[in-house]
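Single-letter residue listing:
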Amino acid sequence: MIQEEILLTDLVSECLESKRDRAHAKGVTLVAENGEDDFACRADRGLLRSALNNMIEAAMFYSHAGSAVKVSWGRDDTREHIRVSCERGTIPFEELRTTRDLFCRPISLDMAEIEGLREPLGYFSVIKDLADLHGGAVGVRNADEDGVVITLYLPRRERGAA
């Protein structure tokens, strides 16, 4: 894993552009929301791109025609985050529970338990694996005002540190 400084404005633009046709076919608008153009994080670019692409795919999976998938990013004192949300989308309770189980325990789910969930569960398992490789975490929730919210948390590293 090669960690480098990545401008998230560039990475988000690249990922949104690669998903634009798929979003258009579904009737979903893709939006980058952030005021910090020079925001950079340290990560493996290819892995972070893969995580973000999977977050966008999962959000589109739960979106409805006419809604928007929004990508934002920021930081606090200890970690950086990339957040993808979809308006008016919701994850049914059983799927949300199964997804949270994926994040909270080793995979020991019965195949019957995840039948019909393969596509979104696959997105979330890739996001989780990539977060783990970077020492980060993932959060998934239903939020009234934002619909489904998927957040990738990465440890905050000093610029120039490996």
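In this text the structure is predicted, and so the values were computed from the model without any measurement.

Criteria and thresholds
Residues numbered from 1 in each chain as written. Predicted model: local features only at pLDDT ≥ 70, side-chain atom pairs only at ≥ 80, totals over all residues. Heavy atoms only, no water. Helix = DSSP H or I, 4+ residues; strand = E, 2+ residues; numbered from the N terminus. Buried < 20%, exposed > 50% of the residue type's maximum accessible area, 1.4 Å probe, protein only. Contact = heavy atoms within 4.5 Å. Areas by Shrake-Rupley, 256 points an atom, 1.4 Å probe, with all protein chains shown as cover. Phe/Tyr/Trp six-rings, centres within 6.5 Å; stacked < 30°, edge-to-face > 60°. Lys NZ or Arg CZ within 6 Å of the ring centre and 35° of its normal. Pairing = 2+ DSSP bridges. Axes fitted to C-alpha atoms, helices over the stretch in contact; angles between N-to-C directions. Left-handed = near helix turned anticlockwise from the far one by under 90°. Nonpolar A, V, L, I, M, F, W, Y, C, P; charged D, E, K, R; others polar. pLDDT = per-residue confidence, 0-100.

Observations concerning the overall build of the protein chain
Then, number 1: Counting secondary structure elements, the protein chain contains five helices and seven strands.
Then, number 2: Reading the protein chain from its N terminus to its C terminus gives the helix and strand order β-α-β-β-α-β-β-α-α-α-β-β.
Then, number 3: Counting the 162 residues in the protein chain, one finds 46% classified as buried.
Then, number 4: Nonlocal contacts in the protein chain, meaning residues at least 24 apart in sequence, comprise 71% of its contacts between residues at least 6 apart.
Then, number 5: Accessible surface computed for the protein chain: about 8200 Å², of which carbon and sulfur atoms make up 49%.

Quick look at the packing of aromatic side chains
Then, number 1: This model, assessed by the stated rule, comprises one aromatic pair.
Then, number 2: Taken together, a centroid distance of 5.0 Å and an interplanar angle of 80 degrees make the contact between F61 and Y62 edge-to-face.
Then, number 3: Since its relative accessible area comes to 6%, Y62 is described here as buried.
Then, number 4: Just above the ring of Y153 sits the side chain of R79; from NZ or CZ to the centre is 3.8 Å.

A few points about the sheet that holds strand 2 (residues 29-33)
Then, number 1: Here five strands make up an open sheet; going across it, the order is 2-4-5-7-6 and the pairing mixed. Of all strands in the sheet, those bounded by a partner on one side alone are strand 2 and strand 6 (137-143). Across the sheet, the axes of successive neighbouring strands diverge by a mean angle of 15 degrees, strand direction being ignored.
Then, number 2: The pairing of strand 6 with strand 7 (residues 147-155) spans seven bridges and is classified as antiparallel. Looking at the pairing, A137 lines up with Y153 of strand 7.

A short note on the packing of helix 1 (residues 8-26) against helix 2 (residues 45-62)
Then, number 1: At a closest axis distance of 10 Å, the pairing of helix 1 and helix 2 adopts a crossing angle of 35 degrees. As helix 1 runs across helix 2, the sense of the crossing is right-handed. Residue-level contacts link L8, L11, V12, E14, C15, L16, S18, K19, R22, A23 and K26 of helix 1 to R45, L48, R49, L52, N53, I56, E57, M60, F61 and Y62 of helix 2.
Then, number 2: Residue composition of the contact of helix 1 with helix 2, grouped by class: 12 nonpolar, two polar and seven charged.

Some details on the confidence of the model for the protein chain
Then, number 1: Taken as a whole, the protein chain shows an average pLDDT of 78; of its residues, 72% reach a score of 70 or greater.
Then, number 2: Overall, residues 104-118 carries pLDDT values under 50, and its contacts beyond four positions in sequence, including any with other chains, amount to 14 contacts.

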